[in-house]
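Understanding the architecture of this molecule
Single-letter residue listing:
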Protein chains: 2
Amino acid sequence: MQITRETDYAIRCILYLAGKDGNSAVVGEISRDQAVPRTFAAKIMQKLHKAGLVVSTRGVKGGYTLNRTPEEITLLEIVEAIEGPISINICVIDKNSCERQPHCNVHPVWVEIRDLLVEKLRSYTLDKLINNNPPSGDNTTGRRRA
Amino acid sequence: MQITRETDYAIRCILYLAGKDGNSAVVGEISRDQAVPRTFAAKIMQKLHKAGLVVSTRGVKGGYTLNRTPEEITLLEIVEAIEGPISINICVIDKNSCERQPHCNVHPVWVEIRDLLVEKLRSYTLDKLINNNPPSGDNTTGRRRA
DNA sequence: GTTTTTAAGACAAATTTTATCCTAATTATA
DNA sequence: TATAATTAGGATAAAATTTGTCTTAAAAAC
């Protein structure tokens, strides 16, 4: 029940991009800085591009930039860009995977946990990760609103 | 980010045992009833035994029974009996896996999500799954205490 | 047209998951 | 005490997934 290394890489890569403050970076630079294998990083950036999280430019002055501000990109989007929809157990996504019954008694638990996970991942945006801030809605540190 | 099929099997198997209301069951019976491959089921029952969740008896009248009441066995224990400690990302468990820094900005997120998951899984006991009840502490259905 | 970059798909290695098989140990009972 | 029924544990194997690499093409700058 872990994220894959690829997902971890993807978060690092896009976080690096977010840190460039609007400037672009090429795969080689991202790969070097974040210590992810170059060709693997290339594949990851392609996935992030397909998911609409980054803009790609080909050619000599090409590279990648964020497609939105760091405030508008969530961990959930990054994870799902790499791994597809979160499901915890196969039965949450694939209706035909519970061969024996329409759904067993445990099924609602997986759905509940999936929803929990989705909400939590959605609450973290790139800028919060960069600034080490708690996610929206969290007020456990005792800070109060202005 | 899914539980393995083995874990799913394990939950089915122990749930079947819980349904036997104190009576024992042999691997063959569990395997047949829950449609999990016989030798694989045998391995799973061994893991549940090592984790102290079930009692095993060898020999002619042998088999498995629960080692506690269904109220006292949580989903968390079953998952961890099969998969080991929950971690979401390798860095949550293995301190040496973040090569570059002591821990990155994302690390606390994984810890938080791990904790969330652990709490949720702990809140579900076998009897709640059998009776399709919400976990302890949940009162979203509007029922009130007597 | 040459160089630098991304795009995409095929391929390959490594690891994990999902099993199976075999031998031993234990227990009931004929 | 021999036999049958069961679990215990380790070795092995097959399948699937993860983690990469390689090659060719397309695009853009100069």
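Quick caveat, the model's predicted, so the values are computed rather than measured.

Turning to the interface of chain B and chain A, a few remarks are in order. Facing the 35 residues of chain B at the interface are 35 residues of chain A. Of the roughly 3,300 Å² buried where chain B meets chain A, counting both sides, 58% is carbon and sulfur surface. Of all residues in chain B, the largest losses of buried area upon contact with chain A belong to Met1(B), Gln2(B) and Asn105(B), amounting jointly to 22% of the total for that side. The tally of links between chain B and chain A comes to 2 salt bridges. One salt bridge connects Glu112(A) with Lys120(B), and the closest N-O pair in it is separated by 2.7 Å. For the pair chain B and chain A, the interface holds 18 residue pairs in polar contact (both at pLDDT 80 or more).

Strand residues, when the strand is regular, have side chains that alternate between the two faces of the sheet. Residues and elements named next belong to chain A. In this structure, strand E1 (residues 54-57) lies alongside strand E2 (residues 63-66), joined through 4 bridges in antiparallel fashion. Paired with Val55 across the bridge in E2 is Thr65. Taken together, E1 and the strand that follows it, E2, pair antiparallel across an intervening segment of 5 residues, in which Gly59 is found at a positive phi of about 90 degrees.

This brings us to the domain arrangement of chain A. All names here are of chain A. What the domain assignment lists for chain A is domain 1 (1-84 + 125-134) and domain 2 (85-124). Here domain 1 and domain 2 have C-alpha centroids that lie 27 Å from each other. Listed by partner, the interface residues are 14 residues for domain 1 and 7 residues for domain 2. Buried area between domain 1 and domain 2, summed over both chains or domains, comes out near 870 Å², and the portion from carbon and sulfur atoms is 72%.

Analysis parameters
- Residues numbered from 1 in each chain as written.
- Chains lettered and ligands numbered in written order.
- Predicted model: local features only at pLDDT ≥ 70, side-chain atom pairs only at ≥ 80, totals over all residues.
- Heavy atoms only, no water.
- Contact = heavy atoms within 4.5 Å.
- Buried area = accessible area lost by both parts, 1.4 Å probe.
- Salt bridge = Lys/Arg side-chain N within 4 Å of Asp/Glu carboxyl O.
- Polar contact = N/O pair within 3.5 Å; in protein donor to acceptor, adjacent residues only side chain to side chain.
- Pairing = 2+ DSSP bridges.
- Helix = DSSP H or I, 4+ residues; strand = E, 2+ residues; numbered from the N terminus.
- Domains from an automatic or database assignment.

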